[in-house]
Amino acid sequence: MIDFEQILKPETVEIIEKCESRKSILEIASCLLSQNQEELDRRGLLEKFIEREELGSTALDDSEIAIPHCRHERCTAPSAALLRVNTAVPFGQEEQVRLIVALVVPKEASKDHLDILRTIALVCSASSNLTQLLAVQSSSDLYSTFIRCAQEVSAK
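Residues numbered from 1 in each chain as written. Predicted model: local features only at pLDDT ≥ 70, side-chain atom pairs only at ≥ 80, totals over all residues. Heavy atoms only, no water.

Novice: Residues and numbers for the nonpolar core, please.
Specialist: Grouped together as the largest cluster of nonpolar side chains are 30 residues, with contacts concentrated most on F4, I120 and F146. Where this core is concerned, the elements lending two or more residues are helix 1 (4-7), strand 1 (8-16), strand 5 (79-90), strand 6 (96-106), helix 4 (110-125), helix 5 (127-135) and helix 6 (139-155). Looking at which element gives the most residues to this core, the answer is helix 6, with 7 residues. The contact partners of I120, leaving out residues within four places of it in the chain, are F4, I67, V101, L103 and F146. Listed in part, the 24 residues of the second largest apolar core include L40, L46, A59 and A81. (Core = buried A, V, L, I, M, F, W, Y, C linked by side-chain atoms within 4.5 Å. Buried < 20%, exposed > 50% of the residue type's maximum accessible area, 1.4 Å probe, protein only. Helix = DSSP H or I, 4+ residues; strand = E, 2+ residues; numbered from the N terminus. Contact = heavy atoms within 4.5 Å.)

Novice: Give a detailed account of the state of the cysteines, specifying residues and quantitative values.
Specialist: Linking two cysteines covalently through their sulfur atoms gives a disulfide. With the rule as written, the count across this model stands at 0 disulfides. C75 supplies the cysteine sulfur nearest to C70, a cysteine that is in no disulfide, at a spacing of 7.9 Å. Residue classification places C70 among the buried residues on the basis of a relative accessible area of 5%. Take C124: it sits in no disulfide, and the sulfur closest to it among the cysteines is that of C149, at 8.5 Å. (Disulfide = S-S within 2.5 Å.)

Novice: Just give me the short version of the side chain of S79, but keep the residues and values in it.
Specialist: Its place among the elements puts S79 in strand 5. Note on S79: relative accessible area 1%, which makes it buried. Dropping the residues within four chain positions of it, S79 is found in contact with I7, L33, N36, Q37, A102, L103 and V104.

Novice: Give a detailed account of the packing of aromatic side chains, specifying residues and quantitative values.
Specialist: A complete count under the given rule lists 1 aromatic pair for this structure. Considering the side-chain rings of F4 and F146, the 5.5 Å spacing of their centres and the 80° angle between planes classify their relative orientation as edge-to-face. Residue F4 is located in helix 1, and its partner F146 is located in helix 6; the two are separated by 142 residues in the primary sequence. Relative accessible area serves as the criterion here: at 1%, F146 is assigned to the buried category. The ring of F91 carries R22 above its face, with NZ or CZ at 5.8 Å from the centroid. (Phe/Tyr/Trp six-rings, centres within 6.5 Å; stacked < 30°, edge-to-face > 60°. Lys NZ or Arg CZ within 6 Å of the ring centre and 35° of its normal.)

So this is what it looks like as structure tokens:
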């Protein structure tokens, strides 16, 4: 079972009124994650996210969700940032997203990386969970709702 309270911290969760682009979202996520894990530098992390996005968009089809992710040699433990934008952001060719879960894992953490991504996708793709995550009004409520939903998914 994945313990998201170890991966997602309240200080890496934000509700953003308006954001213009995928790069802006990735910049915000990189900043939050690098503040949470001092070994990571914001610019290097942003470059890793952009490199991954160039391989193909991490937006989930027709879902308003994106899961940008990367492995980083200076990352010491899996870490995530959860962002919700009130106005959809273009992410990829045609996708518009409002919920973004950015994930960075240590370079050697292949299995953990895939397990965490799978769990995030399960949490966010359940329509009742997505409705709740998009409706909350504060960052603290967004955090607690995501953690609760992740615990429910992991318990199944």
